[in-house]
Number of protein chains: 2
Amino acid sequence: MIEHAPKGLDPLLDQAIEAIIRRSSFSGFTETGSSRVHGEEKVAQGRRDYEALLGQQFKIAREAHFEHAERFHEGEEISPYTGERLGIQYPIFNLDEQYRNAHAAMRSWVNAGAEKRTEVCVQLLKDLDAQAFLIANAVMHTAGQSFPMAFAGSGANALDRGLEALAWAWGSLNVLPSEASWTKTFGGKHQVTLEKKWRIMPMGTAVVFCCASFPTWNGYPAIFANLACGNPVFVKPHPTAILPMAIAVKVLREGLRNVGFDPELVQLVVDSTDEPLGKVLVEHPETAIVDFTGSAKFGAWVEQHSGNRPCYTETSGVNSVILDSARDLDAVLDAITNTFCLFSAQMCTSPQTFYIPESGVSLADGRQVSADEIESLFCERIDQLIQDSKRASSVLGCIQSPATLQLLDDWQRRAESGEFRLLRASKPYTNVAGDHCRTATPLLLGLNAETPITEEVFAPIGFIYRVRDRDHALEHASAISKKHGALTTYLYSIDEEFIAKAEESFAWAGVALTTNLTGVMPLNFSAAYSDMHVSGLNPAGNATLAEPSFIAGRFRYAQSRRPKGDQ
Amino acid sequence: MIEHAPKGLDPLLDQAIEAIIRRSSFSGFTETGSSRVHGEEKVAQGRRDYEALLGQQFKIAREAHFEHAERFHEGEEISPYTGERLGIQYPIFNLDEQYRNAHAAMRSWVNAGAEKRTEVCVQLLKDLDAQAFLIANAVMHTAGQSFPMAFAGSGANALDRGLEALAWAWGSLNVLPSEASWTKTFGGKHQVTLEKKWRIMPMGTAVVFCCASFPTWNGYPAIFANLACGNPVFVKPHPTAILPMAIAVKVLREGLRNVGFDPELVQLVVDSTDEPLGKVLVEHPETAIVDFTGSAKFGAWVEQHSGNRPCYTETSGVNSVILDSARDLDAVLDAITNTFCLFSAQMCTSPQTFYIPESGVSLADGRQVSADEIESLFCERIDQLIQDSKRASSVLGCIQSPATLQLLDDWQRRAESGEFRLLRASKPYTNVAGDHCRTATPLLLGLNAETPITEEVFAPIGFIYRVRDRDHALEHASAISKKHGALTTYLYSIDEEFIAKAEESFAWAGVALTTNLTGVMPLNFSAAYSDMHVSGLNPAGNATLAEPSFIAGRFRYAQSRRPKGDQ
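As the structure is a computational prediction, the values presented were derived from the model and not from experiment.

1. Focus: the overall build of chain A
Link 1 in the chain: Tallying secondary structure elements over chain A gives 18 helices and 20 strands in all.
Link 2 in the chain: Taking 24 Å as the expected radius of gyration for a compact globule of 567 residues, we find that chain A reaches 25 Å, a close match to that expectation.
Link 3 in the chain: For chain A, the C-alpha atoms occupy an extent of roughly 85 × 65 × 45 Å along the three principal directions.
Link 4 in the chain: Taking all 567 residues of chain A together, 65% fall into the buried category.
Link 5 in the chain: The contacts of chain A with a sequence gap of at least 6 include a subset with a gap of at least 24, amounting to 73%.
Link 6 in the chain: Charged side chains of chain A number 51 positive and 68 negative; the gap between the two group centres comes to 7 Å.

Given below as structure tokens:
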């Protein structure tokens, strides 16, 4: 499918296709936002562009769409960095009118054909990239990501995931010919020849729900997969993180208009916690596709209520670390500390449960490090990381939601009351961005395996299980993953037999396994074009980034046929 | 995708792949069951094999599975040819045990790999073909198809659709490599190389619902798509047409055991009208995939209640014929008569509504044939066909369900009471198979466009609309198709502009359009490897035979990765 995707449409697309085929490393965009690369001015301009939006109505006079807003509504956006409301007021439209506009915009987009649409989509990705600094600032001040993460993870990496989805769409749209001649003999002697034609048809308006902590990374793939297949898109951001997607919508609309298409192909739908539109959108008769990234709870509701609409979900699960044995324990502890602390564990791939056998962890040289010692070394490593406030700021970033602080508080209190062992208390750390940052260092709790954590606790909380032995860890982690959902497991073992067993076990649980990774790469880095993200094999979601199942269902074929010579 | 499906596994599979790529005519099986081709003995043996099953417990001593049946239950099968109960008692198993057995059988099937599974599946198709005469008799005496149709349509054509699905599965399973090396530089200088592996994982037990009138044609594709992707299959036949699928299940189980796999990979689940299992199966936590062919009503329920299970449906809709103009009116009338009468309109692609402009139909020579005249010519053609009882028997076959006779009765009575124009009354015809055949000639009713038929009326009833003009016909037919579902439209017009308009209109309605087809080929013949069956673009179902979306969702990838050199 992907090998046969026609080349030559755009070099960037060609490179993406090549990377997908080889599952090799590639980025079509710049991952670093450093002023050493881009110059001070560009960095400063991004900040100024962001600041210029604060307290204003989010609109662009040139866009007819924004002129017919029914009203403007202030988002529930409070910067985790400044503690201040963004005060941006977003346009609210008449929803039925939005569906009508989307429907009207669809026909010329579809009739333009897959090639033209794909070409335009590549350009739109470049347009988004051109706003990388603005979008990074918007992500920082809504999601709470550090600037490096906002620039790389929510910028280049997200655009790469978008380009990956686009490449798969392009491949999928080219699987079959658009016409063919067919001859068959009936009744032994009557030859019939038909000329057949197939058109690629869209499903209709797709609703793309974006999450609060990482809106672009799953948002872009869904948007581009839908657009390439001919479907108009409604972008529905989380009420506390509207800005990054509002900017993206604006960029996409301008880009579409620039090349003569109706900007209504991409529309923003803003709602609020008090008046949520999620269920209305999922069940609306004009919604043809649902893409959802967010909580497991609402994700399950979406899956149950999408009816016959194709529905692509990424929710959350309980990711685990299993410690069996190690060659270099220091490197292992560094790796799990860094990844656990990364963006304060507010990533869908952040580890949450840590398994340590009662007997401790064996080292290659035959020594055995006790479970107690592992726990205290882990705590020390976290303390070390946080002492360096520049590094802590870059790694931990800020806490997106006050609800996360509440969770930390609740769990810490339960531990203090003796329910669990309190291994490491959480408290704020000093972010270099200032005193108003909403921060929290990780909380570490000691649990026994009889108190399983069966859902993602969206906070920097590590639950450390003392388990009978490594097999117990394997059984426990894979059973919970299969039943309640998980995306990833990080395993450390120097026993090939055990590693093989773990690979088998987590494959059946549908969990991506990373074994013995140490060093500079974050354990949970999921590379576009290479790593599959979300298996679809457990309740953590069904939207794999990216393989053909992420595209299938977004377009279908309409056939017509007539006898040869009839025309 | 399909171009890159590895060749050489089996010549039959290679030919199927080639046909799919070219969308050309191909059959891997013999379409004629004639004794001139096969010899008298083979034909007679098929009948004897069928008769030997009557009144017996359906079991095979060699199969352990059938030894632990909880009880045997007589199917609700009455031969439309003899009017007699088949009296076959089917085994009923403990459902939970069936799921456990399926689950246990899955692991070695999955671990055997895609290549082995596909190879076995090709052999299983050949095994089914070896029972072609027995299965054709079973289809005749449950579905009521004529022998030629039962042999071709429910035999070779169904096997071809199965092979087509298998070829797509094989292609899909080979889209991506199973391992790759990946190198990326982090932090400007740290090179990380990971060895990545991907396993193809099944979803779990698939439930395949088969319909009463054409059980194998949709059943085989679903069964083989599921098996190839690693999923065990429960076959759930309609209570009035169990036998064809029970035989198929038996053949598949024996074939699996012959090559060392657990026969529990394919299991029969029999229920009854009084104690239906459909909803239980769809909502069972162990059901991972649902394939459904049957009524629009239950199909909609299935779509709404499958939750996050991939769900592939083929239900029904309102297929139409639009008459605008013709070069050869006789040929047109023959074509629509033959196709409308075929299997007494009990096919999902049978036409149901006929649009005639008030002003009649224009001929190429400038003459205008009035609507009245068209109607009476259509009635005459049907009468002519039925007069030849050998031909009528072969074309019309029998009526599968007494409910169909009831429908005929109801609509005829409504017409007699003046609600519609009664153009042609239905009555039994003499089938060459004898006096006990359940037969009915088509009923033709005249309606006005304000009384739209919005669902499939599962009976040989033609609803003739007098419409203002051809554009009215187009609007009416495409709007009903989009809203209520339709699979096909048959158009006759000599105006290229109107044809182009119809192509556009029905493409957006998701209806396959056949234009100006006359001659020996049934209008509704849907060729494996070439014609797409069910668009997924309207409520008539979402399971296209066959393209990648029919496979996507039946398997997923499990990833594992570790640093290079770690092993």
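2. Looking at the interface of chain B and chain A
Link 1 in the chain: Counting from both sides, the interface comprises 83 residues of chain B and, opposite them, 83 residues of chain A.
Link 2 in the chain: Around 7600 Å² of area is buried between chain B and chain A when both sides are counted, 55% of it from carbon and sulfur atoms.
Link 3 in the chain: Contact with chain A buries surface across chain B, with B:W508, B:R556 and B:R561 losing the most and accounting together for 11% of the total.
Link 4 in the chain: At the boundary of chain B and chain A, one finds 18 salt bridges.
Link 5 in the chain: Seen at the junction of chain B and chain A, the total is 47 residue pairs in polar contact (both at pLDDT 80 or more).
Link 6 in the chain: If you list the elements that add at least two residues to the side of chain B that touches chain A, you get α1 (11-22), α5 (95-111), β3 (179-186), β4 (190-202), α12 (296-305), α18 (496-509), β19 (512-515) and β20 (555-563) of chain B.
Link 7 in the chain: At 9 residues, the largest contribution of residues to the side of chain B that touches chain A is made by β4(B).
Link 8 in the chain: The residue makeup of the side of chain B that touches chain A, split by class, is 39 nonpolar, 24 polar and 20 charged.
Link 9 in the chain: Sheet analysis places strand β20 (residues 555-563) of chain A next to β19(B), joined by 2 bridges and oriented parallel. Within the sheet, the bridge partner assigned to A:S560 lies in β19(B) and is B:L513.

3. Observations regarding the confidence of the model for chain A
Link 1 in the chain: Residue-level pLDDT values for chain A average 96, and 99% of them are 70 or greater.
Link 2 in the chain: The ipTM for the predicted assembly is 0.97, set against a pTM of 0.97.

4. A closer look at the sheet that holds strand β6 (residues 233-236) of chain B
Either a parallel or an antiparallel arrangement is found when strands of a sheet pair, and the pairing is made through backbone hydrogen bonds.
Residue and element names in this part refer to chain B.
Link 1 in the chain: If you walk across this open sheet you meet the 5 strands as β7-β6-β5-β8-β9, and the pairing is parallel. Two strands close off the open sheet at either side, each with one partner strand: β7 (266-268) and β9 (311-314). Neighbouring strand axes in the sheet, compared pairwise and without regard to direction, differ in orientation by 15° on average.
Link 2 in the chain: Sheet topology note: the strand β5 (residues 205-209)/β6 ladder contains 4 bridges and is parallel.

5. A short note on helix α16 (residues 402-416) of chain A
Residues and elements named next belong to chain A.
Link 1 in the chain: In a regular helix each residue adds 1.5 Å, so 15 residues correspond to 21 Å; α16 covers 21 Å between its end C-alpha atoms and thus fits that length.
Link 2 in the chain: Within α16 the residues assigned to the buried category are T404, L408, W411, Q412 and A415. Seen end-on, α16 carries its buried residues on one side only, within an arc spanning 100°. Exposed and facing more than 90 degrees away from the buried side of α16 are P402 and E416.
Link 3 in the chain: The secondary structure elements touched by the buried residues of α16 are β15 (421-424), β16 (443-448) and β17 (461-467).
Link 4 in the chain: Near the N-terminus of α16, the side chain that reaches the backbone nitrogen of A403, with its oxygen 2.9 Å away, is that of S401.

6. Remarks on the sheet that holds strand β12 (residues 353-357) of chain A
Link 1 in the chain: Pairing is mixed across the open sheet formed by 10 strands, whose spatial order is β15(A)-β16(A)-β17(A)-β12(A)-β10(A)-β18(A)-β19(A)-β20(B)-β4(B)-β3(B). Of all strands in the sheet, those with a lone pairing partner are β15 of chain A together with β3 of chain B, marking the two edges. Mean inter-strand twist for the sheet, computed between neighbouring axes without regard to direction, equals 25°.
Link 2 in the chain: Bridge count between strand β10 (residues 320-323) of chain A and strand β18 (residues 488-492) of chain A: 4 bridges; the pairing is parallel.

7. Here we look at the nonpolar core
Link 1 in the chain: Ranked by size, the top nonpolar core spans 308 residues in total, and within it A:L163, A:F224, B:L163 and B:F224 carry the most contacts.
Link 2 in the chain: Residues contacting B:F224, with those up to four places away along its chain left out, are B:C121, B:L124, B:L125, B:L128, B:G162, B:L166 and B:L252.

8. Some words on unusual backbone geometry
All names here are of chain B.
Link 1 in the chain: Cis rather than trans, the peptide bond between L545 and A546 has omega equal to -25°.
Link 2 in the chain: The topology assignment puts A546 in the loop between β19 and β20.
Link 3 in the chain: Phi at R23 takes a positive value of approximately 55°, unusual for a residue other than glycine.
Link 4 in the chain: Within the secondary structure, R23 sits in the loop between α1 and α2 (35-38).
Link 5 in the chain: Unusually for a residue other than glycine, S344 sits at a positive phi of about 50°.

9. Some thoughts on the pairing of strand β12 (residues 353-357) of chain B
All names here are of chain B.
Link 1 in the chain: Among the 5 residues of β12, 5 are classified as buried, and the element is accordingly described as predominantly covered.
Link 2 in the chain: On β12, burial covers both faces: T353, Y355 and P357 on one face and F354 and I356 on the other are all buried.
Link 3 in the chain: Pairing of strand β10 (residues 320-323) with β12 involves 3 bridges; the strand directions are parallel. By the bridge assignment for β12, V321 is matched with F354.
Link 4 in the chain: Here β12 runs beside strand β17 (residues 461-467); their pairing, made up of 5 bridges, is parallel. From the neighbouring strand, Y355 faces β17, where its bridge partner is Y465.

10. Considering the pattern of salt bridges
Residue and element names in this part refer to chain A.
Link 1 in the chain: Summed over all chains, the structure comprises 62 salt bridges over all chains.
Link 2 in the chain: The shortest N-O distance in the salt bridge between R161 and E164 comes to 2.7 Å. Taken as a pair, R161 and E164 lie in helix α8 (residues 147-173) at a separation of 3 residues, close to a single helical turn.
Link 3 in the chain: The salt bridge involving D372 is made with R466; its shortest N-O contact spans 2.3 Å. Taken as a pair, D372 in helix α14 (residues 371-387) and R466 in strand β17 lie far apart in primary sequence, 94 residues in all.

11. Digging into the packing of helix α3 (residues 40-53) of chain A against helix α7 (residues 132-143) of chain A
Residue and element names in this part refer to chain A.
Link 1 in the chain: Where α3 contacts α7, the two axes come as close as 8 Å, and the packing angle between them is 55°. On the basis of their axis angle, the class for α3 and α7 is oblique. As α3 runs across α7, the sense of the crossing is right-handed. On α7, the residues that touch K42, V43, G46, R47, D49, Y50 and L53 of α3 are F133, L134, N137, A138 and H141.

12. Thoughts on the packing of aromatic side chains
The geometry of two aromatic rings is summed up by the distance between their centres and the angle between their planes.
Link 1 in the chain: Applying the stated criterion to the full structure yields 46 aromatic pairs over all chains.
Link 2 in the chain: Here the aromatic rings of A:F26 and A:Y529 are separated by 5.3 Å at their centres, their planes lie at 55°, and the arrangement is tilted. In this pair, A:F26 sits in the loop between α1 (11-22) and α2 (35-38) while A:Y529 sits in the loop between β19 (512-515) and β20, placing the two residues 503 residues apart along the sequence. No difference in accessibility class separates A:F26 from A:Y529, as the two residues are buried.
Link 3 in the chain: On the numbers, 6.1 Å between centres and 75° between planes, the contact of B:F214 with B:F343 is edge-to-face. Of the two residues, B:F214 sits in the loop between β5 and α9 (215-228) while B:F343 sits in the loop between α13 (329-341) and β12, which places them 129 residues apart along the sequence.
Link 4 in the chain: A relative accessible area of 11% means that B:F214 is categorised as buried.
Link 5 in the chain: Given the relative accessible area of 0%, B:F343 is considered buried.

13. Quick look at the side chain of A:R309
All names here are of chain A.
Link 1 in the chain: Mapped onto the secondary structure, R309 falls in the loop between α12 (296-305) and β9 (311-314).
Link 2 in the chain: The side chain of R309 sits in the buried core without any salt bridge; E283 is the nearest counter-charge, 6.9 Å away.
Link 3 in the chain: At 3.2 Å, the side chain of R309 forms a polar contact with the backbone oxygen of V282.

14. Some thoughts on the relation of the copies chain B and chain A
Link 1 in the chain: Relative to chain A, chain B is turned by 180° and slid 0.0 Å along the rotation axis, the superposed coordinates differing by an RMSD of 0.0 Å. Those values place the two copies in the arrangement expected of a two-fold rotation axis. Using C-alpha coordinates, one finds that chain B approaches the rotation axis most closely at B:M1, a distance of 1.6 Å.

15. Brief notes about helix α18 (residues 496-509) of chain A
Residues and elements named next belong to chain A.
Link 1 in the chain: With 14 residues, α18 ought to run about 20 Å at 1.5 Å a step, and its terminal C-alpha atoms sit 20 Å apart, in line with that.
Link 2 in the chain: All of the buried residues along α18 are F498, I499, A502, E503, S505, F506, A507, W508 and A509.
Link 3 in the chain: If you check the start of α18, you find a side-chain oxygen 2.9 Å away from the backbone N of E497, and it comes from D495.

16. Re the state of the cysteines
Residue and element names in this part refer to chain A.
Link 1 in the chain: Throughout the structure, instances matching the rule amount to 0 disulfides over all chains.
Link 2 in the chain: Just so you know, C121 is unpaired, no disulfide at all, and the nearest cysteine sulfur is the one on C229, 9.2 Å from it.
Link 3 in the chain: For C121, a relative accessible area of 0% translates into the label buried.
Link 4 in the chain: The cysteine C210 is free of any disulfide, with C211 supplying the nearest cysteine sulfur at 7.5 Å.
Link 5 in the chain: Given a relative accessible area of 5%, C210 falls into the buried group.

Calculation rules
Residues numbered from 1 in each chain as written. Chains lettered and ligands numbered in written order. Predicted model: local features only at pLDDT ≥ 70, side-chain atom pairs only at ≥ 80, totals over all residues. Heavy atoms only, no water. Helix = DSSP H or I, 4+ residues; strand = E, 2+ residues; numbered from the N terminus. Rg over C-alpha atoms; globule rule 2.2 N^0.38 Å. Buried < 20%, exposed > 50% of the residue type's maximum accessible area, 1.4 Å probe, protein only. Contact = heavy atoms within 4.5 Å. Lys, Arg positive; Asp, Glu negative; His and termini not counted. Charge placed at Lys NZ, Arg CZ, Asp CG, Glu CD. Buried area = accessible area lost by both parts, 1.4 Å probe. Salt bridge = Lys/Arg side-chain N within 4 Å of Asp/Glu carboxyl O. Polar contact = N/O pair within 3.5 Å; in protein donor to acceptor, adjacent residues only side chain to side chain. Nonpolar A, V, L, I, M, F, W, Y, C, P; charged D, E, K, R; others polar. Pairing = 2+ DSSP bridges. pLDDT = per-residue confidence, 0-100. Axes fitted to C-alpha atoms, helices over the stretch in contact; angles between N-to-C directions. Expected span 1.5 Å × (residues − 1). Arc of directions from axis to C-beta. Core = buried A, V, L, I, M, F, W, Y, C linked by side-chain atoms within 4.5 Å. Parallel < 35°, antiparallel > 145°, perpendicular 65-115°, else oblique. Left-handed = near helix turned anticlockwise from the far one by under 90°. Phe/Tyr/Trp six-rings, centres within 6.5 Å; stacked < 30°, edge-to-face > 60°. Least-squares fit on C-alpha atoms with pLDDT ≥ 70 in both. Disulfide = S-S within 2.5 Å.

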